[in-house]
Amino acid sequence: MSIPYSGTIRRSGGVVSAIAKQLRAVNLKAAKRITVKFDPFGDNVTHTRNFLHYMSSRKISLTNPNCVLKTEVVCDRSEPTVDITIVPSIAETASLKKVTFKSGNLTCLELLQLLNKHITPLAPAEQITTTISTKLEKKGKRK
């Protein structure tokens with residue numbers, strides 16, 4: 001009698017692939033402003049700086065070109081925070097104006113997961129408009 005197999009078929013890709021998966025899901029259409037505040041000399045600030053680096057990438061900023069990414073570097077030993085201001089039209093329906101993540105004890109992956117959990121679902125759905133044209137209509141457009 002054999003023991004049934006109960007594990008995974010293959011190993012996970014690790015933290016890097018998990019971060020890449022979360023970055024692909026980020027949608028900032030609901031965000032008006034992202035303010036990252038940290039003390040560079042404080043403890044546990046590395047993940048917040050990495051989060052800032054990922055948010056400043058071109059692919060992420062193209063999800064909402066009107067979203068402002070602001071960095072506040074302070075020297076008061078305060079806890080690093082990420083403040084996200086919601087677009088006013090969405091803030092009325094969602095009954096919240098601002099989301100604050102205290103990122104002192106959070107990893108970069110956890111910050112991205114929280115962003116995708118709380119901000120990305122607030123983004124308005126994209127309306128896909130497709131028109132099907134036949135060969136005859138295409139020929140008519142050329143003439």
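Residues numbered from 1 in each chain as written. Predicted model: local features only at pLDDT ≥ 70, side-chain atom pairs only at ≥ 80, totals over all residues. Heavy atoms only, no water.

**Focus on the packing of helix α1 (residues 15–25) against helix α5 (residues 108–118)**
The criterion, for reference: Every axis in this analysis is a line fitted to C-alpha atoms, fitted for helices over the stretch in contact. Angles between the N-to-C directions lie between 0 and 180 degrees. Only DSSP runs of H or I covering at least 4 residues are called helices, and only runs of E covering at least 2 are called strands; the numbering of each starts at the N terminus. In what follows, roughly perpendicular refers to angles from 65 to 115 degrees, roughly parallel to angles under 35, roughly antiparallel to angles over 145, and oblique to any angle outside these ranges. Helix crossings are classified by the rotation of the near helix relative to the far one: an anticlockwise turn of less than a right angle makes the crossing left-handed, while a clockwise turn makes it right-handed. Here a residue-residue contact requires only that any non-hydrogen atoms of the pair lie within 4.5 Å.
The N-to-C vectors of α1 and α5 enclose an angle of 25°; their axes lie 9 Å apart at closest approach. Between α1 and α5, the angle is such that the two are roughly parallel. The handedness of the crossing between α1 and α5 is left-handed. Along the contact surface, α1 presents Ala18, Ile19, Gln22, Leu23 and Ala25, while α5 presents Leu109, Leu112, Gln113 and Asn116.

**A word on the packing of helix α2 (residues 46–55) against α5**
Filter applied, for reference: Basically, the charged four are Asp, Glu, Lys and Arg, the nonpolar ten are Ala, Val, Leu, Ile, Met, Phe, Trp, Tyr, Cys and Pro, and anything else, Gly included, counts as polar.
The interhelical angle for the contact between α2 and α5, taken along N-to-C directions, is 50°, at an axis separation of 8 Å. The orientation of α2 relative to α5 falls into the category oblique. As α2 packs across α5, the resulting crossing turns out to be right-handed. On α5, the residues that touch His47, Thr48, Asn50, Phe51, Tyr54 and Met55 of α2 are Cys108, Leu111, Leu112 and Leu115. Tallied by class, the residues present in the contact of α2 with α5 amount to seven nonpolar, three polar and no charged.

**Describing the environment of Ser61**
Quick note on the threshold: Relative accessibility decides the category of a residue: with a 1.4 Å probe and only protein chains considered, values under 20% of the type maximum give buried, values over 50% give exposed, and everything between is partly exposed. Here a polar contact is recorded for every N or O atom pair within 3.5 Å, except that within protein the pair must consist of a potential hydrogen donor and a potential acceptor, and residues adjacent in sequence are included only if both atoms are side-chain atoms.
Take Ser61: it is sitting in helix α3 (residues 58–61). For Ser61, a relative accessible area of 32% gives the class partly exposed. Considering only alpha carbons, one finds Ser61 and Leu28, 33 residues apart in sequence, at a separation of 7.8 Å. Separated by 3.0 Å, the side chain of Ser61 and the backbone oxygen of Arg58 make a polar contact.

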